[in-house]
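Single-letter residue listing:
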Amino acid sequence: LRLAIQKARDNNMPMDSVDRAIDRGAGVGKNAETIEEINYKGYGPGGIAILLQSLTDNKNRTVSDIRSTLTKGGGNLAEAGSVAWQFNSRGLLLISDENVDSDEISLLAIDAGAEDIEEDVGVMNIYCLPKNLELIRKKLIDAGVNIKSAELIMFPTSTIDLGSKIAMSLLRLLDKLEELDDVQKVFSNANFSDDILI
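Just so you know, these numbers come straight off a predicted model, no measurement behind them.

## Brief notes about the overall build of the chain
Across its full length, the chain carries 7 helices and 10 strands. The buried share among the 198 residues of the chain stands at 36%.

What follows is the structure, encoded as structure tokens:
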């Protein structure tokens with residue numbers, strides 16, 4: 001913030017303009033912008049359920065961008081309640097399994113409340129209830145484990161296998177949705193085969 005103010009001063013921007021911009025971004029004053037967290041639901045190629053988490057100061061712009069992107073990608077915006085039931089909130093910790101004892105990490109995580117652990121090439125995925133995410137993270141950090149990320153995700157209750165053509169179309173659509181300015185995270189119930197993801 002200090003750097004932004006200094007840059008404004010260097011460019012001879014009036015201080016009242018700087019103050020208005022700060023108030024707007026902080027959500028105070030008459031020029032305040034309200035940032036809302038909104039989830040949008042849609043369907044992609046092959047009837048795949050898509051859940052999008054967004055942060056926006058303009059709902060009309062955001063829904064228009066999402067609807068347009070879904071339509072161009074062979075999907076559509078869904079009615080309220082038609083997709084969300086297909087996902088559960090879960091915690092996910094990603095851990096690099098290089099030079100670590102994965103069995104020891106698994107035992108630590110399970111002891112702290114982990115529900116499921118998957119090992120992939122070079123990484124461990126630890127899944128848990130949202131309420132246990134911080135406890136597991138802290139326990140692993142205390143044990144010297146390097147955590148790549150720890151976040152809440154929307155995990156599909158079941159997945160759908162896709163043929164290669166539909167899978168490629170869906171991947172392109174998901175990439176386009178993730179590129180939208182207001183979209184923070186994109187989740188789907190698609191199960192992509194390894195040869196598609198390579």
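## Considerations on the pairing of strand β1 (residues 36–43)
Here is the key point about a regular strand: its side chains alternate between the two faces of the sheet. In terms of strand pairing, β1 meets strand β2 (residues 49–56) through 8 bridges, oriented antiparallel. The residue of β2 that forms the bridge with Y40 is L52. As defined by bridge partners, β1 adjoins strand β3 (residues 76–77) across 2 bridges and the pair is classed as antiparallel. By the bridge assignment for β3, G42 is matched with L77.

## Here we look at the packing of aromatic side chains
For the coordinates displayed, the defined rule picks out 1 aromatic pair. Sitting over the ring of F155, R90 keeps its end group 4.7 Å from the ring centre.

## A few points about the pattern of salt bridges
One pass over the full model with this rule turns up 7 salt bridges. A salt bridge links D182 to R61, with the shortest nitrogen-to-oxygen separation between them at 2.8 Å. Of this pair, D182 sits in the loop between α6 (164–179) and β9 (183–188) while R61 sits in helix α3 (residues 59–72); the two residues are 121 residues apart in sequence, bridging distant segments of the chain. Overall, the relative accessible area of 11% leaves D182 in the buried class.

## Quick word on α6
The terminal C-alpha atoms of α6, which comprises 16 residues, lie 23 Å apart, in line with the 22 Å expected from a rise of 1.5 Å per residue. Restricting attention to buried positions, one finds in α6 the residues A167, L170, L173, L174 and L177. Within α6, the buried residues cover an arc of 125 degrees as seen down the axis, which keeps them to one side. Among the exposed residues of α6, those pointing more than 90 degrees away from its buried face are K165, R172, K176 and E179.

## Thoughts on helix α5 (residues 133–142)
Taken together, the buried positions of α5 are L133, I136 and L140. The buried side chains of α5 occupy one side of the element, clustering within an arc of 70 degrees when seen end-on. Summarising the contacts, the buried residues of α5 are in contact with β4 (87–96), α4 (102–111), β5 (114–120), β6 (123–128) and β7 (147–156). Of the residues flanking the end of α5, it is G144, one or two places downstream, whose phi is positive at about 85 degrees.

The rules behind these values
- Residues numbered from 1 in each chain as written.
- Predicted model: local features only at pLDDT ≥ 70, side-chain atom pairs only at ≥ 80, totals over all residues.
- Heavy atoms only, no water.
- Helix = DSSP H or I, 4+ residues; strand = E, 2+ residues; numbered from the N terminus.
- Buried < 20%, exposed > 50% of the residue type's maximum accessible area, 1.4 Å probe, protein only.
- Pairing = 2+ DSSP bridges.
- Phe/Tyr/Trp six-rings, centres within 6.5 Å; stacked < 30°, edge-to-face > 60°.
- Lys NZ or Arg CZ within 6 Å of the ring centre and 35° of its normal.
- Salt bridge = Lys/Arg side-chain N within 4 Å of Asp/Glu carboxyl O.
- Expected span 1.5 Å × (residues − 1).
- Arc of directions from axis to C-beta.
- Contact = heavy atoms within 4.5 Å.

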